[in-house]
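Below, each chain spelled out in residue letters.
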Amino acid sequence: MNTNFLKQLGLNKSNEGTWTGRKSVGKSTEFIESYSPVDGKLIGKVGITSEKDYTKVVRKAEDAFKKWRKVPAPKRGEVIRQYGDALRENKDALGRLVSYEMGKSLQEGWGEVQEMIDICDFAVGLSRQLYGLTMHSERPGHRMYEQWHPLGIVGIISAFNFPVAVWSWNAMIAMVCGDVCIWKASEKTPLCAIACNNIFQKVLKANKVPEGVNCIINGDYKVGEYMTYDPRVPLISATGSSRMGKIVGSVVASRLGKSLLELGGNNAIIVTPNSDLNVVLAGAVFGAVGTCGQRCTSTRRLIIHESIYSKVSSQLKKAYKQLKIGNPLDPNMHVGPLIDKDAVEAYLNSIKAIKEQGGKMLVPGGVLKGDEYDSGCYVKPCIAEVENHYKIVQHETFAPILYLIKYNELEEAIQMQNNVPQGLSSAIMTNNLKEAELFLSSAGSDCGIANVNIGTSGAEIGGAFGGEKETGGGRESGSDAWKAYMRRQTNTINYSDELPLAQGIKFDL
Ligand code: UN1
């Protein structure tokens, strides 16, 4: 395995874990060891952040904020533009690291870096468009408007499955808004965070941006708790499971902080008799097995009209036979490993539960054995015939398990699609306008993302990304998601010689 990309990204075998920007603070006494799910080898170690070092980080970030908020937004955008360019230069190496540390295919690793580049471009444009509204005052000689100011420190907690892109959705937008960021990456992919910071710090240094604008802390949920309980961190943006989000959301709410949650999905595609089977197959298979079923947008359920059910299921079985599972850095492979052995166990437990709850395996699962699967994390994508109400179907298993469910009437299919605790992504496959519009109507999908003739995964950065119910309600990335990273201020200015009160109140002295 050629790992030259590690050197290019400035990674060593042993990396201190806590960065107040360019410098590492303190000396770690405990380390996270990052093993690749690709070949089971130790890639490197990263120091765990102590509470004392966290305090140093926050102080640096607070100092940096005082300076950064005064830099004009378009100038902040210029720094982000340069980061986009630096990512273009490092796309190959960083994509390889994502693939090696996380296990997704190289195509998807590069895709993730492209997603970072795209959000940089978006943020540059945004830096000249942080608009507020102007309103008419009811009082003569008065003017009213609103403006948006940065919040301060944004705490970013990111998940292993998108170890670089989801951070950048948050950090690039937050930074053009004038915020500073402290990033706690997943303890399963800590080197990706350090690589992103290494590239970023060169750009920040060249632009004389203060230390502390982008800080890294490392560790498990305990390190995350330093931020969630900390009133000096006004916004916590957390990506991960609904279980984690409920804890983070309530801790942050208890101190009346803001949280932006992007949590679990249980995404379905409705396949109607008016669909194009080629589009269905491509969308469903990529949606279900891409990133080895570990996207929050992965397709978990296919709700298929009974008249085409056997045709669709037999075509799917054929398509699954073509899948090549193996080293994700090998361009011939479609599917890489799961992130770790715990994920393999969760996958196996779910298959057991499917059978116990009455489901039938149409394409059986299993763990792959042999030299090239030495890490023990390679599993077979599988398909099960189930009913929507099964407990296991209601639950998000982060693995390539696709559920097939039959429907009769479209209203019933939409009801099933909505009848899960999560509400992230959804899709309908149809060339019938009425079916598509019903699905998109207020009586249709209840998800944050609803697509027509596209799978559930692979959203572009330009739209707001997130979902409802147990997905947490947050919106990141494009559209006006930037507003979550700023505080709104309403300003009323009196340029008359009087002081008339609103609502016609008289108060004469
Ligand atoms: C995630 O899985 O947390 O829409 C993010 C997608 C990607 C992002 C997924 N652009 O599938």
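Residues numbered from 1 in each chain as written. Predicted model: local features only at pLDDT ≥ 70, side-chain atom pairs only at ≥ 80, totals over all residues. Heavy atoms only, no water.

1. Notes on the site of the ligand
Let me state the cut-off plainly: One heavy atom within 4 Å of a molecule or strand is enough for the residue carrying it to be called near that molecule or strand. Here a polar contact means two N or O atoms within 3.5 Å. Within protein one must be a hydrogen donor candidate and the other an acceptor candidate, and residues neighboring in sequence count only if both atoms are side-chain atoms. Calculation of accessible area relied on Shrake-Rupley with a 1.4 Å probe; when residues are assessed, cover is drawn exclusively from the protein chains displayed. For the domain bounds, the source is a domain assignment made automatically or taken from a database.
Neighbouring residues of the ligand: Glu115, Asn161, Phe162, Trp169, Glu262, Arg295, Cys296, Thr297, Ser457, Gly458, Ala459 and Phe465. Interatomic distance of 2.8 Å between a backbone N/O atom of Cys296 and an oxygen atom of the ligand. Interatomic distance of 2.7 Å between a side-chain N/O atom of Thr297 and an oxygen atom of the ligand. Considering the ligand on its own, with 320 Å² of exposed area, one finds that the protein chains cover 99% of that surface. Here the shell around the ligand spans two domains, and each of domain 1 (10-263 + 472-489) and domain 2 (267-460) adds at least three residues to it.

2. Observations regarding the sheet that holds strand S5 (residues 42-47)
Stated precisely, the cut-off is as follows: Note: two strands are recorded as paired if DSSP finds a minimum of 2 bridges between them. By the criteria applied, helices consist of DSSP H or I runs no shorter than four residues and strands consist of E runs no shorter than two, each listed in order from the N terminus. Two residues qualify as a contact provided that any one of their heavy atoms is within 4.5 Å of a heavy atom in the partner residue. Whenever a helix is involved, its axis is fitted only over the stretch in contact; in every case the axis is a line through C-alpha atoms, and angles between N-to-C directions fall within 0 to 180 degrees.
Pairing is mixed across the open sheet formed by three strands, whose spatial order is S1-S5-S4. The sheet is open, and its two borders are formed by strand S1 (14-15) and strand S4 (31-35), each paired with just one other strand. Of the pairings in the sheet, the one linking S1 to S5 comprises two bridges and is parallel in character. Residue pairing in the sheet places Ser14 in a bridge with Lys45 of S5. Strands S1, S4 and S5 of the sheet are contacted by helix H7 (residues 190-206), whose axis makes an angle of about 70 degrees with S5.

3. Focus: helix H6 (residues 165-176)
Stated precisely, the cut-off is as follows: Expected helix span is computed as 1.5 Å times (number of residues minus one). Note on exposure labels: buried denotes an accessible area under 20% of the residue type's maximum, exposed denotes more than 50%, and partly exposed covers the range between, all computed with a 1.4 Å probe on protein chains only.
The end-to-end C-alpha distance of H6, which contains twelve residues, comes to 17 Å, matching closely the 16 Å that a straight helix rising 1.5 Å per residue would cover. A large share of H6 lies buried, amounting to twelve of its twelve residues. Of all the positions in H6, only Ala165, Val166, Trp167, Ser168, Trp169, Asn170, Ala171, Met172, Ile173, Ala174, Met175 and Val176 are classed as buried. Trailing H6 by a residue or two, Gly178 shows a phi angle of about 100 degrees, which is positive.

4. As for the pattern of salt bridges
Our working rule: By convention in these notes, a salt bridge is any Lys or Arg side-chain nitrogen within 4 Å of a carboxyl oxygen on Asp or Glu.
Evaluation of the coordinates by the stated rule reveals 18 salt bridges. When the shortest N-O distance is used, the salt bridge between Lys104 and Glu112 registers 2.7 Å. By relative accessible area, which is 1% here, Lys104 ends up buried. Its relative accessible area of 1% is what places Glu112 among the buried residues. Measuring nitrogen to oxygen at the nearest pair gives 3.0 Å for the salt bridge that ties Asp230 to Arg232.

5. Some thoughts on the packing of H6 against H7
Cut-off, in case you're wondering: Note on angle classes: values under 35 degrees are labelled roughly parallel, values over 145 roughly antiparallel, values of 65 to 115 roughly perpendicular, and the remainder oblique. Each crossing gets its handedness from the near helix: less than a right angle anticlockwise from the far helix is left-handed, clockwise is right-handed. Following the grouping adopted for this structure description, the nonpolar residues are Ala, Val, Leu, Ile, Met, Phe, Trp, Tyr, Cys and Pro, the charged ones are Asp, Glu, Lys and Arg, and the polar ones are all others, Gly among them.
Contact geometry for H6 and H7: axes closest at 13 Å, N-to-C directions at 20 degrees. On the basis of the axis angle, H6 is roughly parallel to H7. Judged by the sense of rotation from one axis to the other, the crossing of H6 with H7 is right-handed. For the pair formed by H6 and H7, the contact residues are Trp167, Met172 and Met175 on the first element and Cys196, Phe200 and Leu204 on the second. Residues that form the contact of H6 with H7 fall into these classes: six nonpolar, no polar and no charged.

6. Considerations on the pairing of strand S20 (residues 449-452)
Across the two faces of S20 the burial differs, with Ile449 and Asn451 buried and Ala450 and Val452 not buried at all. Sheet analysis places strand S19 (residues 425-429) next to S20, joined by four bridges and oriented parallel. Following the sheet pairing, Ser426 is matched in S20 by Ala450.

7. Considering the domain arrangement of the chain
Short version of the rule: When two parts are brought into contact, each loses some accessible area as probed by a 1.4 Å sphere; the total of that loss over both is the buried area.
What the domain assignment reports for the chain is domain 1 (10-263 + 472-489) and domain 2 (267-460). Domain 1 and domain 2 are separated by 30 Å when their C-alpha centres are compared. Looking only at domain 1, the three residues that lose the most surface to domain 2 are Pro37, Val38 and Glu108, adding up to 28% of its buried area. For the pair domain 1 and domain 2, the number of links is two salt bridges. Here Lys188 ties to Asp340 by a salt bridge, and the two come within 3.5 Å at their closest N and O atoms.

8. Section: the sheet that holds strand S7 (residues 142-150)
Ordered by their spatial adjacency, three strands build an open sheet running S6-S7-S24, and the pairing between neighbours is antiparallel. The outermost strands of the open sheet, each flanked by one partner alone, are strand S6 (134-135) and strand S24 (486-494). Inspection of the sheet shows S7 paired to S24 by nine bridges, in the antiparallel sense. In the sheet register, His142 faces S24, and the bridge partner there is Asn494.

9. Re a nonpolar patch on the surface
Where we set the bar: Residues enter patches when they are more than 30% accessible in relative terms and free of salt bridges; like-charged ones are connected within 9 Å and nonpolar ones (Val, Leu, Ile, Met, Phe, Trp, Tyr) within 5 Å.
Side chains of Leu499, Leu501, Ile505, Phe507 and Leu509 sit close together on the surface and give an oily, nonpolar patch of about 650 Å² of accessible area. Here Leu509 is to be found in the segment after S24. For Leu509, a relative accessible area of 99% puts it in the exposed group.

10. Concerning unusual backbone geometry
With a phi close to 50 degrees, Cys292 is a non-glycine residue in the positive phi region. Of note in this structure, Lys469 is not a glycine but carries a positive phi near 55 degrees. Turning to its location among the elements, Lys469 is positioned in strand S22 (residues 468-469).

11. A look at a positive patch on the surface
The cut-off we apply is this: We treat Lys and Arg as the positive residues and Asp and Glu as the negative residues; His and chain ends play no part in the count. Charge positions come from single atoms, namely NZ of Lys, CZ of Arg, CG of Asp or CD of Glu.
A contiguous patch of positive charge on the surface is contributed by Lys66, Arg69, Lys70 and Arg487. Examined against the element boundaries, Arg487 turns out to sit in strand S24.

12. Thoughts on a negative patch on the surface
On the surface, Glu306, Glu409, Glu411 and Glu412 cluster together into a patch of negative charge. Mapped onto the elements of the fold, Glu306 is located in the loop between strand S14 (299-305) and helix H11 (309-322). Given the relative accessible area of 43%, Glu306 is considered partly exposed.

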